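# Examining the three-dimensional arrangement
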Amino acid sequence: MSPVYLDYNASGLVRPEVQAVMAKALADNGNPSAVHAAGRRARARVETARAQVAGLVGADPTAVVFSSGGTESNAQAILSALAAGCERLIVGATEHPCVAEAAIASGKPVKMLPVDARGVVDLNKLRQLLGQPGKAVVAIHHANNESGVIQPIAEAARLVRSAGGWLHVDAIQSAGKIPVEIRMLQADSLPRSALKLGGPQGVGALVMGEGREAVRIVHGAGQERGLRAGTENVPGIAGFGESAVCAARDLPQAQAHAAWRDAAEATVKAAGATIIGEGAGRLPNTLFMAVPDWESPQQLITLDLMGLMVSAGSACSSGKTKPSRAILATGRAALATGGIRVSGGWGTVEDDWNRFAEAWVAAYAKHRERAAARAKEVA
């Protein structure tokens, strides 16, 4: 049987349409800052992509600043908020490491915003934290990269607005899977990444809210309206734009994953898995599950040998045995090193989810049998 790829939350398979657009851009190379014909064609590709990327989140194209990816855009957003007068940071306990680390590296005071057992931020605590002295930048992702839990951004935005703060919403995982509108979210800054949409790796963007300005963090010449120096990655940006168009087109079909995911979830839960984020609204393509007696790396290796590619949560932690940040934040330390994330995408079909569930249940049963046999020998 052919291998099954279920790790789209880490990096989606590159769409054929994206590959075609990028191939054309590579074959017609030109510096977008040049005034000759090739340069003008390159510039046209960049600006077309800017409008396409903006369109997926209902933004004005002039609000888009291209970058090397979500990590850079998150850092630029936080520095932009601090430059606008924010004196401290409030960061959700389940935020992506690049947000948490950028907050700490800023040198400003950082307070963690706790989540409940489902992984949803505590709005009462947010209200309390906003009431403390100093204008704050609040970082709450739209959807968690591990569990897929969707946060109450509209409610949080009202609290942040009333306190005169800056709301940074990492929508890297949610855009293209559920509707994302920067005005509806009332976000002041919203990063994006091409690789989550079926676009290329190494390309992202920061989308600024109305009335907000980004600061430059990469210095040099005047590219990206002086906000990011360096010659633009034209083929990558063109691919990013095309992936945004495809994601918008396929958004209705993305909801089909929820039923497939739910069926797989019921199967693994019956076999002993705990579902992280259960009871909360979640991305339709994401299943995050954990067991206390089977470490994540062993699960991944076993499933990979069975032709199933999944991850242990954040792609930035893959191959490491660090406990899951999302699980620890919900107070379930006993499960924190036994979590795996299954995430579908544009190339996923229902049978992929079924194969995963059946394979995991069979593998877990064998693991427990071996563990019981070892315990019997020791006894």
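Here, every reference points to the structure presented above.
Residues numbered from 1 in each chain as written. Predicted model: local features only at pLDDT ≥ 70, side-chain atom pairs only at ≥ 80, totals over all residues. Heavy atoms only, no water.

### Notes on the overall build of the chain
- Looking only at helices and strands, the chain has twelve helices and twelve strands in total.
- Relative to a compact globule of 379 residues, whose C-alpha radius of gyration would be 21 Å, the chain shows 21 Å and is just as compact.
- Projected onto the principal axes, the alpha-carbon positions of the chain cover approximately 75 × 55 × 35 Å.
- The proportion of buried residues among the 379 residues of the chain is 54%.
- Element-wise, carbon and sulfur atoms account for 56% of the exposed surface of the chain, whose accessible area totals about 15,500 Å².
- Here the chain contributes 39 positive and 34 negative side-chain charges, whose respective centroids are spaced 4 Å apart. (Helix = DSSP H or I, 4+ residues; strand = E, 2+ residues; numbered from the N terminus. Rg over C-alpha atoms; globule rule 2.2 N^0.38 Å. Buried < 20%, exposed > 50% of the residue type's maximum accessible area, 1.4 Å probe, protein only. Areas by Shrake-Rupley, 256 points an atom, 1.4 Å probe, with all protein chains shown as cover. Lys, Arg positive; Asp, Glu negative; His and termini not counted. Charge placed at Lys NZ, Arg CZ, Asp CG, Glu CD.)

### Observations concerning the side chain of His 168
- Its place among the elements puts His 168 in strand S6 (residues 166-168).
- Looking at His 168, its side chain comes within polar contact range of the side chain of Asn 74, at 2.6 Å.
- Leaving out residues up to four positions away in the same chain, His 168 has contacts with Asn 74, Ala 77, Val 137, Val 138, Ala 139, Ile 140, Ser 189, Leu 190 and Pro 191. (Polar contact = N/O pair within 3.5 Å; in protein donor to acceptor, adjacent residues only side chain to side chain. Contact = heavy atoms within 4.5 Å.)

### Brief notes about the sheet that holds strand S10 (residues 286-290)
- Spatially, S9-S10-S12 is the arrangement adopted by the three strands of the open sheet, whose pairing is antiparallel. At either end of the open sheet lies a strand with only one pairing partner, and these are strand S9 (274-275) and strand S12 (339-343).
- One ladder, built from five bridges, connects S10 with S12; its direction is antiparallel. Residue Thr 286 lies in a different strand from S12, and its bridge partner there is Ser 343. (Pairing = 2+ DSSP bridges.)

### Regarding the pairing of strand S5 (residues 136-139)
- Of the two faces of S5, the one lined by Ala 136 and Val 138 and the one lined by Val 137 and Ala 139 are each fully buried.
- Read from S5 through helix H6 (residues 153-162) to S6, the crossover connection turns out right-handed. (Right-handed = clockwise from strand over helix to strand, strands pointing away.)

### Regarding the state of the cysteines
- Taken as a whole, this structure holds zero disulfides when the rule is applied.
- In this model Cys 86 remains outside any disulfide bridge; the closest cysteine sulfur is found in Cys 98, 18 Å from its own. (Disulfide = S-S within 2.5 Å.)

### Notes on unusual backbone geometry
- For Gln 186, which is not glycine, the phi torsion reads 60° and is therefore positive.
- Mapping Gln 186 onto the fold places it in the loop between helix H7 (182-185) and strand S7 (189-193).
- You can call Gln 186 partly exposed: its relative accessible area is 28%.

### Brief notes about helix H9 (residues 256-270)
- Compared with the 21 Å implied by 1.5 Å per residue over 15 residues, the 22 Å span of H9 between its first and last C-alpha is a close match.
- Residues His 257, Arg 261, Ala 264, Glu 265 and Val 268 constitute the buried set of H9. Seen from one end, H9 has its buried residues packed into an arc of 110°, which puts them on one side. Facing away from the buried surface of H9 by more than 90 degrees, the exposed residues are Ala 259 and Ala 270.
- Looking at the buried side of H9, the elements it contacts are helix H8 (234-254), S9, S10 and helix H12 (350-378).
- Immediately beyond the C-terminal end of H9, within one or two residues, lies Gly 272, with a positive phi of roughly 120°. (Expected span 1.5 Å × (residues − 1). Arc of directions from axis to C-beta.)

### Topic: helix H5 (residues 123-130)
- Those residues of H5 that fall on the buried side of the exposure criterion are Leu 126, Leu 129 and Leu 130. Taken end-on, H5 shows its buried residues confined to a sector of 95°, consistent with a single buried face.
- Packing partners of the buried residues in H5 comprise strand S3 (88-92), strand S4 (110-113), S5 and H6.
- N-cap assignment for H5: the residue whose side-chain oxygen lies 3.0 Å from the backbone N of Asn 124 is Asp 122.

### Considering the packing of aromatic side chains
- Counted according to the given criterion, the structure contains five aromatic pairs.
- Ring geometry for Phe 66 against Phe 240: centres 6.2 Å apart, planes inclined by 65°, an arrangement best described as edge-to-face. With Phe 66 in strand S2 (residues 64-67) and Phe 240 in helix H8, this residue pair connects regions lying 174 residues apart in the sequence. Comparing Phe 66 with Phe 240, the two get one shared label, buried. (Phe/Tyr/Trp six-rings, centres within 6.5 Å; stacked < 30°, edge-to-face > 60°.)

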